[in-house]
Every structure is written in structure tokens, then in C-alpha cells.
Amino acid sequence: MTDAKPRHREYTDETASRGAAADSTDDGIARNDESDPRQEETNQDRSHETDDDGPVSTGAEAIARALEASGVESAFGIQGGAIMPVYDALASSSVRHVTMAHEQAAAHAADAYGVVAGEPGVCLATSGPGATNLVTGIADAKMDSDAMLALTGQVPRDLVGNDAFQETDTIGVTRPITKYNAFADDPNTIGAVVEDAFRRAGCDRQGPTLVDLPKDVSLADVDEHAEFDDTTSTEARSDGERNPRADPDGVEAAARAIESAERPVCLFGGGVVAADASDVATTFARTYEIPVTTTMPGLGSFPEDDELALSFAGMHGTGYANMAITHTDCLIAVGTRFDDRLTGGIDTFAPEADVIHVDIDPAEISKNVHADYPLVGDAGAVLEQVSAAIESPPAAEDWRTQCTEWKETYPLTYAMNDHEPLKPQFVVEAFDAATADDTIVTTGVGQHQMWACQFWTFTEPRTWVSSHGLGTMGYGLPAAIGARIAADEAGETDRDVVCFEGDGSFLMTIQELSVAVRENLDVTIAVLNNEHIGMVRQWQDAFFEGRRMASEYDWVPAFDTLAEAFGARGFRVDDRDDVPATVEAALDYDGPSVIDFHVDPEENVLPMVPSGGANGQFALSEDHL
């Protein structure tokens, strides 16, 4: 490991050409009889590879072959008794396996890998505790509609239900948190089942899938080429794909609503990024000069340095975004499920607006916010339909002026005077200034996550990787590992990966530093150390009369020293004057580095909309809460 690395930060957007749209119900069952030319091409490629690679002899080899045929390059996991046959087969496959320190982290790494690569990430674990340790990561991916395939070992079939050693009902446990799961009970179809689960994870509305693999099935002999059986595979592939285009009559009605709007606003969600529709969405907004706000998962779907950008809305969103949402008369919402941290009180969310809701999943239409113009389909395809149907842009010059005035009235800001503690917002801004636009940012969950959202200017899709719906503390470091490997595989070895963590969040998965060191992964971790579970402390001060029960730490480790103990490079910063040079030194280090920033423990995340409150009544100071 060396101390210096070349700094080359030219952006390449190869990943923007990948990805798919959305999907189906939670059990993944939906049918589309239309053939997909892309799938036909893939089938031909698969057949060619099968012929070249020859037959397989066991269920485990069929699994490894299925992963190869699906294009899987890397997988994250931990060995164990019931999954050992699969690992044995992977040893002679082209799939790179990254051994993580904990199965939860394997799931987070696979999740992040998928977000950056635009293809499902893959994680593996053994039965029992291995599988249950994956659960948090699977649930996290489900909440954020992230594409991921989990493969779990299982006890032999004749022991299932006997409370055998390391047995748990993985199918039952994961059914509510997966898009699709399957118990593979036949060695002759096990390869097709794995292929199908991988495809389901990445198609339509994306999400996690899981295949449970009994050890005796993995060890059993299979018929030659059985995992590529045409009948089984064709039936599986035709299941779960939707028409990407919306109903034409609905599109026409939505276009008329946009034309007549006086105060239109676009709201771009994570579905825009997942569908690789950021370019289409940006063109749409710029063509009709419509101001744009995003959800947190939608950060990067529209360049935040554009004059139309209002950044993200919701609980800790910008004041100007929340003002625009509150006063718009036409909300064009694309790829969002209107979660409660975005909407606040439903009755006060966009109360004057006609709502145009574009989403691939019909189950999301009018689930939380009533859609006056429901458009079910792929984000990019539907926006192109709507754009083609619009005959004249809305007359919204005065509205754009109003949005600009709100940006000037309610800017994101913070105070940092001499002799005061270091401010976390300053650290985020320093990293943003020192890195290129294509830098990948991962975070844990807490105050640091919100400061990263607020004070980093996101201009590219697939550069923001975080835990949104589930809010999983400890997500940031394993996500950085998955993101680093995805970027490296894309040939972007000089692209920076920066992880912001809080001290409480970092301690939940700090063991994954061993993986970053072992794999020599170039990631930079900034710990915004306030010696609190900061967001809990902030809420206790605001809503529990300042009773700081179990949110303050009397002691925290020296994270720079811990980093060195793991074999990473450690830094400590207490003074703002030391921030720029230390940031540069950490970024220049060719390997994992950790900076322990000791920041103001009393700093709060503002603005803030109290839970269930009105977005237009955001608090700008603690006195407003």
C-alpha cells in the first residue's frame, strides 16, 4: 500500500446507460406477454456461453454458472456450513467474492454495489444466523427499491422443520421484505431459479430477491445443462415485466394540466435514478422551465447547480423546496412513493396542486397522496410521452421569480465563529470542494446524513448512496465498500468514494474496516464525531424537554487510532484551519483512510419540519420547534 495516488477525476457516465424500470407486487407475480428484444439478445448470449462453458455436475455448480450467465462480477458474503458447496463452486468461477466481517454488511455492500453499477448486487450467507443477519440489509433494500439478490444456505431438505443446527425459516422470515423469494428444492432447476431471481431484482420496480439453497440440493448431481432448460427459463423470464408506457389518454390529460399551470413544480424521486431517466428528466424540466425539487433518494437525478434546482424537500429539506411544494398548483411527481418524511402531514402537502404521479408500480398510485393524473409506466418513457404531448409550455415566469426569491430568503446556512467548535457542515463543504462531480457519497444514518444531503451539491445520478426508508445506522462503511468495487469494475479506479459517518453510526459496522484494508479499497471515511447519537439528542431537546436519555456518550474511541489498528490511515481534526489540508491528505492516500472530525456536539440539523407537520411551516431555529 502506498501513500500517494494519481488524481484523475474526469467523469465517465458509462453506468448511466444501464438499468431498468420498475416492477410489480411484493410477491413479484405479474405477467407481460410482450417479448422484450433486449431479453432475446440476452438469451442468445446465455446459450452461447453455456455451449462454450460445457455442462455442470452439481447444484452448486449450476448456481455459480447462473451467476456468471447473469453477468455477475462480484458478490459479498460470509462462509458457513450450509452454503459451503456454493462457495466451493465459486472458487472455480469468474465471480469475485468479497469476504465481509458481518452478513448485514454484506447485504449493504451488495445494495450499494447495485445502486452504483445499475445492476443487482449479490450477497451470500449460510443458514440460521447467517441468513437472519442479512435481514436488516434486505429490508433496507426493500424500503429503497434497490436491486439485490441474496443467496442463503439451508439445512438439508430432510431436516427442514426439525429445528436442526443453524436452521431458520428463511423463506418465512424474508417474505415480507423481499420482492420475491424461492426455496430451491430441485438440483435440475436450481440454476434457472437463481437466474430468474437475479432478473426479477433488476426489472420493473427494483428490489431484493432471495433464493434459499438446501445443502443437499447444492451437493446433488444434476442433468447436463439442466440449469439452462429452455422451458423453465422462458416461463420465468416472461413473468413480472410491465409495459413501460402510460395510458395515452392519461398522458394527454396530464399534458393539458401542465400547459395551464401557473405554478408548476417537478418532484423527482429515486425511481428516476433507478430507471436511468435523469437525462430525460433534466431535459423535460429545462425544456418547459419548470423548477425542480427532489426526494432524498432522488438526489443527483437533477443537477443541483442548475438555476431551476430547489434541492430536496421534506423534513430536513430546503426551505425554498418546501415553499414551492406548498404553493404549487401542479406537482409533477416522478418515481416517488410520497413517504412521510417527504410529505409531513398529508393534508398540508401540496394542498393547492393537481398531482401528476408517474410511477412504474400501480400500487403506489394514490397510496399516500391522491393522484389527479395517474401515469403508470417507466419514468423516462412516460416523461418522453408527456413531453411529446405538450403543445405549449406553462406561463410560469412569475413563479420562477418567486422560487428564486425563496432561495434568497431561506438559504442553507450555519454560523461558525472564531473559537467555536468545528462545524460539521464546514467539513462536508470542504470535501465537496476538494472532489469531482462524479464522487460517490455514502452515509450512515443520523445528523451527518442530513448535513451531507444539505451541503453537498449533487450533479450526477448514482453518486448518492444512503439508507432512506429503513434508516439503518452503520450503512455508510459497507456501502462505501460496495460502491468502491462497482466503480473499480467500471474502470473508474480514480473516482473518489467518500463516506460520511457519525460516531454512533460508525461504531455499528466499524469491523468492516478490516475488509477495506484486506481488499486495499480506496475509500475515505469522515467521522463527524459529536459524541452523541446526535439526531436523538436533537429530538430530545426539541420534543422531550431536553431529557437526554441514552443519547450522550461519556466516552468514544479515538477513531484515528482505531483506523491505524485496523491497518488503515488515521487522522484527527479539531480545528477548522486543519480541515482542507487533512481532507486532501486523506483523499490522496491510496487505501482506506479515516478522519476523526471532532465537531460541535450542540449543532442541530435545520431547517426542520416536525414529524407530521406542514412543510410550509419549517423551523429555521431551535426556537421555532
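Worth saying up front: this structure is predicted, and the values here are computed from it rather than measured. (Residues numbered from 1 in each chain as written. Predicted model: local features only at pLDDT ≥ 70, side-chain atom pairs only at ≥ 80, totals over all residues. Heavy atoms only, no water.)

Engineer: I'd like a rundown of the sheet that holds strand β1 (residues 74-77), residues and numbers included.
Structural biologist: The strand order β2-β1-β3-β4-β6-β5 describes an open sheet built from six strands, whose pairing is parallel. Each edge of the sheet is formed by a strand with only one pairing partner; in this case those strands are β2 (96-99) and β5 (180-183). Sheet twist, expressed as the average angle between the axes of neighbouring strands with direction ignored, equals 20 degrees. Note: strand β4 (residues 148-154) against strand β6 (residues 208-214), seven bridges, orientation parallel. Within β6, the residue paired with threonine 152 across the bridge is aspartate 212. (Pairing = 2+ DSSP bridges. Helix = DSSP H or I, 4+ residues; strand = E, 2+ residues; numbered from the N terminus. Axes fitted to C-alpha atoms, helices over the stretch in contact; angles between N-to-C directions.)

Engineer: Describe empty space enclosed by the protein, naming the residues involved and giving the relevant values.
Structural biologist: What the rule picks out here adds up to one cavity of 30 Å³ or more. Approximately 810 Å³ is the volume attributed to the largest cavity. Together, 50 residues line the largest cavity, and Asp144, Gly270, Gly271, Pro297 and Gly335 are the ones closest to its centre. For the lining of the largest cavity, the secondary-structure elements that each account for two or more residues are α4 (103-117), α11 (270-274), α14 (340-343), β11 (354-359) and β14 (464-465). Considering every element that reaches the lining of the largest cavity, the biggest residue donor is α11, with four residues. (1 Å grid on protein atoms, 1.4 Å probe; cavity = no way out; pocket = protein on both sides within 12 Å on 5 of 7 lines; lining within 4 Å. Points joined across faces, edges and corners; volume = space filled by probe spheres on them.)

Engineer: Any details on the layout of surface pockets? Residues and values, ideally.
Structural biologist: When its volume is computed, the second largest pocket comes out at roughly 420 Å³. In this structure, the second largest pocket is lined by 30 residues; those nearest its centre are Arg341, Val445, Gly446, Gln449 and Met535. Mapped by element, the contributors of at least two residues to the lining of the second largest pocket are α14, α18 (447-455), α20 (503-509) and α22 (534-543). A total of five residues in the lining of the second largest pocket trace back to one element, the largest contributor, which is α18. Each residue belonging to the lining of the second largest pocket can be placed in one class, and the counts come to 11 nonpolar, 14 polar and five charged. (Nonpolar A, V, L, I, M, F, W, Y, C, P; charged D, E, K, R; others polar.)

Engineer: Quick one: what's the story with unusual backbone geometry, residue by residue and with numbers?
Structural biologist: Following leucine 606, the chain continues to proline 607 via a peptide bond in cis, the omega torsion being 5 degrees. Unlike most non-glycine residues, serine 145 shows phi in positive territory, near 55 degrees. Take serine 145: it is sitting in the loop between α5 (129-143) and β4. Of note, the phi angle at serine 311 is positive, near 65 degrees, even though the residue is not glycine. Tracing the backbone shows serine 311 in strand β9 (residues 309-312).

Engineer: Which residues make up the nonpolar core, and what values do they have?
Structural biologist: Membership of the largest hydrophobic core comes to 51 residues, with the highest contact counts inside it found for Phe76, Met100, Phe506 and Ile525. With sequence-adjacent residues up to four places away left out, methionine 100 is seen in contact with Phe76, Gly77, Ile78, Ala105, Ala106, Ala109, Pro478, Ile481, Glu512 and Val515. (Core = buried A, V, L, I, M, F, W, Y, C linked by side-chain atoms within 4.5 Å. Buried < 20%, exposed > 50% of the residue type's maximum accessible area, 1.4 Å probe, protein only. Contact = heavy atoms within 4.5 Å.)

Engineer: If you had to explain the environment of valine 515 to someone new, which residues and values would you point to?
Structural biologist: Position of valine 515 relative to the elements: it lies in helix α21 (residues 513-518). A C-alpha to C-alpha distance of 9.4 Å links valine 515 and phenylalanine 566, two positions 51 residues apart in sequence.

Engineer: How would you summarise the pairing of strand β3 (residues 121-125) if you had to cite specific residues and measurements?
Structural biologist: β3 sits mainly inside the fold: five of its five residues count as buried. Residues Gly121, Cys123 and Ala125 point to one face of β3 and Val122 and Leu124 to the other, with burial holding for every one of them. The sheet contact formed by β1 and β3 spans two bridges and is parallel. Bridge pairing in β3 links phenylalanine 76 to cysteine 123.

Engineer: Any chance you could break down the packing of aromatic side chains for me, citing the residues and the numbers?
Structural biologist: The relation between two aromatic rings is expressed through the spacing of the ring centres and the mutual angle of the planes. Taken as a whole and judged by the stated rule, the model has 14 aromatic pairs. Ring plane angle 85 degrees and centroid distance 5.6 Å describe the contact between tryptophan 399 and tryptophan 406, whose orientation is recorded as edge-to-face. On the basis of relative accessibility, which here comes to 9%, the residue tryptophan 406 falls in the buried class. Their ring planes at 70 degrees and their centres at 5.2 Å tell us that tryptophan 539 and phenylalanine 543 sit as a pair that is edge-to-face. With tryptophan 539 and phenylalanine 543 both in helix α22 and four residues apart, the pair spans about one turn of that helix. An aromatic cluster of at least three residues, connected via ring pairs, comprises Phe431, Trp456, Phe458, Trp464, Phe500 and Phe597. Stacked on the ring of tyrosine 180, the Lys or Arg arginine 200 has its end atom at 4.0 Å from the ring centre. (Phe/Tyr/Trp six-rings, centres within 6.5 Å; stacked < 30°, edge-to-face > 60°. Lys NZ or Arg CZ within 6 Å of the ring centre and 35° of its normal.)

Engineer: Any chance you could break down the packing of helix α17 (residues 424-434) against α18 for me, citing the residues and the numbers?
Structural biologist: The description of two packed helices rests on the angle between their axes and on the distance between the axes. Between α17 and α18, whose axes approach to 9 Å, the crossing angle comes to 50 degrees. Here α17 lies oblique to α18, going by the angle between them. You can see that α17 and α18 cross each other, and the crossing is right-handed. Where α17 abuts α18, its residues Pro424, Gln425, Val428, Glu429 and Asp432 lie against Trp451, Ala452 and Phe455. Counted by class, the contact of α17 with α18 contains five nonpolar, one polar and two charged residues. (Parallel < 35°, antiparallel > 145°, perpendicular 65-115°, else oblique. Left-handed = near helix turned anticlockwise from the far one by under 90°.)

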